[in-house]
Amino acid sequence: MFEQLTDLVKQFGGDAVVNNTAVPNEHNEAVMSEASSSILDGLKEMVANGNTADLAGLFQGDNASDASNPVVKQLTDKLSGSLGEKFGLDSDAASGVAGSLIPKVLGSLIGKAKDPNDSSFQISDVISAISGGDSQASGGIMDAISKYGGQLGLDQDGDGQVGISDAVAAVTKKSGGLGGLLGKLFGR
């Protein structure tokens, strides 16, 4: 997942880093690498600290790109501090880079993970990466997503739980019902 995350950072790093006069050109690659590491490490820290409700909240609507989202704010603050410490950026420049980059990267990451037509990121892969393969931590995040899933619109089949049946229901709905899904599967 780190490689895909790095690709997203590079995709959105043009304006925030490369075209930013506050970031010396010789630091562009290192700053973007630091952003990728900071996001992944920050998400892992949240899992380790049991902050599953906020992580599950990332999957609500389109708030992963909202700077007021607690996860986005925490990761933005983490990256901002790191950029100041490691690259000598003043607080305004570091905050500007982090504030521009983090919401866009997280918004794209979560959007791709939630999109059944985009296989570049899967929710399970994101959860596995940030939980470090710890099944208990992964289960905690999935439990939180299930708990809040109905409120977040993830419970597609209305059974009160979020699971594989909801993914099937979402794909079926997007395909125009069972007939549309079967038509797409069998080319009719």
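Just so you know, these numbers come straight off a predicted model, no measurement behind them.

Engineer: It is not clear to me how the overall build of the chain should be interpreted in this structure. Could you clarify?
Structural biologist: For the chain, the helix and strand inventory stands at nine helices and zero strands. Along its sequence from the N terminus, the chain presents helices and strands in the succession α-α-α-α-α-α-α-α-α. Looking at the chain as shown, the accessible area adds up to about 9600 Å², and 50% of this sits on carbon and sulfur atoms.

Engineer: It is not clear to me how the environment of Phe12 should be interpreted in this structure. Could you clarify?
Structural biologist: With respect to the secondary-structure elements, Phe12 resides in helix H1 (residues 2-18). Separated by 20 residues in sequence, Phe12 and Met32 place their C-alpha atoms 9.6 Å apart. Beyond its immediate sequence surroundings of up to four residues, Phe12 is in contact with Leu101, Lys104, Val105 and Ser108.

Engineer: Just checking my understanding: could you explain the pattern of salt bridges for this structure?
Structural biologist: Any two side chains of opposite charge can pair, on the condition that their charged atoms come close. Scanning all chains against the criterion turns up four salt bridges. One salt bridge connects Glu45 with Lys78, and the closest N-O pair in it is separated by 3.1 Å. Note that Glu45 is positioned in helix H2 (residues 28-48) and Lys78 in helix H4 (residues 70-87), a separation of 33 residues in sequence. The partner of Asp118 in a salt bridge is Lys112, with the nearest N and O atoms 3.4 Å apart. Judged by relative accessible area, Asp118 falls into the buried class, the value being 17%.

Engineer: Can you help me understand the side chain of Ser82 in this one?
Structural biologist: Relative to the helices and strands, Ser82 resides in helix H4. Apart from the residues within four sequence positions on either side, Ser82 is in contact with Glu34 and Phe87.

Engineer: What exactly am I supposed to notice about the environment of Ala93 here?
Structural biologist: Inspection of the secondary structure puts Ala93 in helix H5 (residues 91-114). With 10 residues separating them along the chain, Ala93 and Leu83 place their C-alpha atoms 8.9 Å apart.

Procedures and definitions
Each chain carries its own residue numbering, running from 1 in the direction its sequence is written. Only residues with pLDDT of at least 70 get local features here, since the model is predicted, and only at 80 or more are side-chain atom pairs given and counted; chain-wide, interface and lining totals rely on the full set of residues. Computation of side-chain values: all heavy atoms of the structure, hydrogens and water removed. Numbering of helices and strands runs from the N terminus; a helix is a DSSP stretch of H or I covering at least four residues, while a strand is a stretch of E covering at least two. Each accessible area is a Shrake-Rupley result for a 1.4 Å probe, and residues are judged covered by the shown protein chains and nothing else. Contacts are assigned to residue pairs with any non-hydrogen atoms lying within 4.5 Å of each other. Salt bridges, as used here, are contacts in which a Lys or Arg side-chain nitrogen is within 4 Å of a carboxyl oxygen on Asp or Glu. Each residue is assigned to one of three classes by its accessible area relative to the maximum for its type, calculated with a 1.4 Å probe on protein chains only: buried under 20%, partly exposed between the two thresholds, exposed over 50%.

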